[in-house]
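If you want the building blocks of each chain, they are given just below.
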Amino acid sequence: MADEPRRPLSELRQGETVQATITSHQPWGLTAKLDEYDPVGASLDTIRRGSEPGVKRLVRDLPPVGTTIDLVIGEVRDWDHKPWIWVDLTAHSPAED
């Protein structure tokens, strides 16, 4: 719901599992919205991370735009111009299911 309070981006931690809604498919991967957090750009580069078992599996069954899935925070980067940050996502490996 839009009225629910969002968690601040300062709480994002590498390795944390988050629910993300797929917002677009790109030639290099996909973008997503982190459902429980303040709005932020988040992406999964399937070319760069494609050798990871969870990413390979995700690419085989690419979720449609609008689908909510569990993804893992790979890295959070602060840009020089706040409040911009970039969240690099990855997927669970099959052993983590």
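Refer to the structure printed above.
This text gives an overview of the structure that appears in the document. Everything quoted here is computed from the prediction, not taken from an experiment. (Residues numbered from 1 in each chain as written. Predicted model: local features only at pLDDT ≥ 70, side-chain atom pairs only at ≥ 80, totals over all residues. Heavy atoms only, no water.)

### Let's talk about the overall build of the chain
The secondary structure content of the chain amounts to one helix and five strands. Overall, the chain shows an N-to-C arrangement of helices and strands of β-β-β-α-β-β. The 97 residues of the chain split such that 39% are buried. Look at the contacts in the chain between residues 6 or more apart in sequence, and 57% of them connect residues 24 or more apart. (Helix = DSSP H or I, 4+ residues; strand = E, 2+ residues; numbered from the N terminus. Buried < 20%, exposed > 50% of the residue type's maximum accessible area, 1.4 Å probe, protein only. Contact = heavy atoms within 4.5 Å.)

### Observations regarding the pairing of strand S2 (residues 29-34)
A large share of S2 lies buried, amounting to five of its six residues. Two elements, strand S1 (residues 17-26) and S2, share six bridges in a ladder whose sense is antiparallel. Counted as the bridge partner of Ile-22 is Ala-32 from S2. Between S1 and S2, which follow one another and run antiparallel, lie two residues. If you look at the hairpin formed by S2 and strand S3 (residues 41-45), you'll find six residues sitting between the two strands. (Pairing = 2+ DSSP bridges.)

### Concerning the environment of Trp-28
Tracing the backbone through its elements, the reader meets Trp-28 in the loop between S1 and S2. Through-space distance from the C-alpha of Trp-28 to that of Asp-45 is 5.7 Å; in sequence the pair is 17 residues apart. Discounting residues that sit within four places of it in the chain, Trp-28 has contacts with Ser-43, Leu-44, Asp-45, Thr-46 and Ile-47.

### Examining the pairing of S3
Sheet analysis places S2 next to S3, joined by four bridges and oriented antiparallel. Within S3, the residue paired with Thr-31 across the bridge is Ser-43.

### Observations concerning the pattern of salt bridges
Summed over all chains, the structure comprises six salt bridges. Taking the shortest distance from any N to any O, the salt bridge between Arg-7 and Glu-11 comes out at 2.9 Å. Look at Glu-11 and you get partly exposed, because its relative accessible area is 34%. Residue Arg-48 pairs with Asp-45 through a salt bridge whose shortest N-O separation is 3.9 Å. (Salt bridge = Lys/Arg side-chain N within 4 Å of Asp/Glu carboxyl O.)

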